[in-house]
Amino acid sequence: MSARALGTANISFGLVSIPVKLFSASNASASISFNLLHGKCGSRLKQQYICSKEETIVARDEMVKGYEFQKDQYVLFSPEELKAFEEESNQTIEVTEFVPVAKVDPVYYDKPYYLGPDKGGAKPYRLLSEVMKETGRVALAKYAARGKQYLVMIRPAGEGLIMQQLLYADEVRPFSEVPLEKADVKEGELKLARLLVEESASETFRPEAYEDEVKKRIQEALDRKVQGKQFSVSPAPKKGGEIVDLMEALRASLGKAKKPGPRRAGNDSRAEERRPPKAAPRRVSEKRAEAPRR
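Residues numbered from 1 in each chain as written. Predicted model: local features only at pLDDT ≥ 70, side-chain atom pairs only at ≥ 80, totals over all residues. Heavy atoms only, no water.

Trainee: So what exactly am I meant to see when it comes to the sheet that holds strand S9 (residues 137–145) here?
Mentor: Sheet strands pair via backbone hydrogen bonds, and the direction of the pair is either parallel or antiparallel. Strand order in the closed barrel formed by seven strands is S1-S2-S8-S11-S10-S9-S7, and the pairing between neighbours is mixed. Geometrically, the sheet is characterised by an average inter-axis angle of 40° between neighbouring strands, direction not taken into account. Relative to strand S7 (residues 92–100), strand S1 (residues 7–13) runs parallel, the two being bridged by three bridges. Among the inter-strand pairings, Asn 10 is bridged to a residue of S7, identified as Thr 92. Packing against the sheet, helix H2 (residues 122–135) makes contact with S1, strand S2 (16–24), S7, strand S8 (109–117), S9, strand S10 (148–157) and strand S11 (160–166), and its axis sits at approximately 70° to S11. (Pairing = 2+ DSSP bridges. Helix = DSSP H or I, 4+ residues; strand = E, 2+ residues; numbered from the N terminus. Axes fitted to C-alpha atoms, helices over the stretch in contact; angles between N-to-C directions. Contact = heavy atoms within 4.5 Å.)

Following this line, the structure appears as structure tokens:
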């Protein structure tokens, strides 16, 4: 079944204009959601807004929007004033620059959209895709929709293009706000960690090799419930004792790394040849009160 377009737009760079259609890249129907019901009769609940001062239900036609500039202090805005803030949607994706794809940190990635060529846009669409593949660059652009202005990135993917909505700089926290403790890594630890990485290494990302096991369990339970059957909830498996020594943890991990799907030929034998002899992992005693060493 063909995907339904969310809308149309024009990619504009220089004097070139490419008519495109926008498609959602995410599949909302794949998620499982629950509704809130009245426990007494099983009817669906409706959302209502209650005035915190008068404790009465407020109808939508009595609601206004305001901005809190101090604690419990607001300035109010009329619908006309709010409308004036909105960006005019001209259906243009205006390319501002082309940058190397590696220079755009994925931390800025937000919602993705597929772009497909609209009528008369097949040739320039393919041209843009091919030139970005050849140069290793992606297009940064401005796009106005739904009253807002978005920063987007257009990148080639297979035979087509993807428009990745990006976060603005002030919407991303700097990593400097994350507290980091200093720690020295020994050469032996680095060597074992490298072996562990190589043992589980793959050259491609295969998303189909991964499955949401929680959603799978929920779906199985839902199917039984709908059929009027009962289902039992199995307790989560208990984890073993923690290994308190980093070197011992690395040694114990070698040979246990698992990848979804088939392993690369010869991978096990190479890891086995380079693997240092295993030592029995020392486990945390139940009576030990000390925190694990990091």
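Picking up after the structure, the text goes on.
Trainee: Just checking my understanding: could you explain H2 for this structure?
Mentor: Helical geometry: 3.6 residues make up each α-helical turn, so side chains three or four residues apart lie on a common side. The first and last C-alpha atoms of H2 sit 20 Å apart over 14 residues, in line with the 20 Å expected at 1.5 Å per residue. Within H2 the residues assigned to the buried category are Tyr 125, Leu 128, Ser 129 and Met 132. All buried residues of H2 project into a common sector of 95° when viewed along the axis, lining one side. Away from the buried face of H2 by more than 90 degrees, exposed residues Ala 122, Lys 123, Leu 127 and Glu 134 are located. Positive phi shows up at Gly 136, right after H2, with a value of about 70°. (Expected span 1.5 Å × (residues − 1). Buried < 20%, exposed > 50% of the residue type's maximum accessible area, 1.4 Å probe, protein only. Arc of directions from axis to C-beta.)

Trainee: When you look at unusual backbone geometry in this model, what are you seeing that I'm missing?
Mentor: Generally, phi is negative for residues other than glycine and the peptide bonds are trans, each holding for most cases. Even without a glycine there, the phi angle at Gln 91 is positive, about 60°. With respect to the helices and strands, the residue Gln 91 is situated in the loop between helix H1 (79–85) and S7. The phi torsion at Arg 146 lies on the positive side, around 55°, for a residue other than glycine. Relative accessible area serves as the criterion here: at 60%, Arg 146 is assigned to the exposed category.

Trainee: How do you make sense of the environment of Tyr 125 when you look at a structure like this?
Mentor: Within the fold, Tyr 125 resides in helix H2. Relative accessible area serves as the criterion here: at 6%, Tyr 125 is assigned to the buried category. Distance in space between the C-alpha atoms of Tyr 125 and Gly 160 is 8.0 Å, their sequence separation being 35 residues. With residues near it in sequence (within four places) discarded, Tyr 125 still touches Ile 18, Val 20, Leu 115, Gly 116, Pro 117, Glu 159, Gly 160 and Leu 161. Within polar-contact distance, the side chain of Tyr 125 engages the backbone nitrogen of Leu 161 at 2.9 Å. (Polar contact = N/O pair within 3.5 Å; in protein donor to acceptor, adjacent residues only side chain to side chain.)

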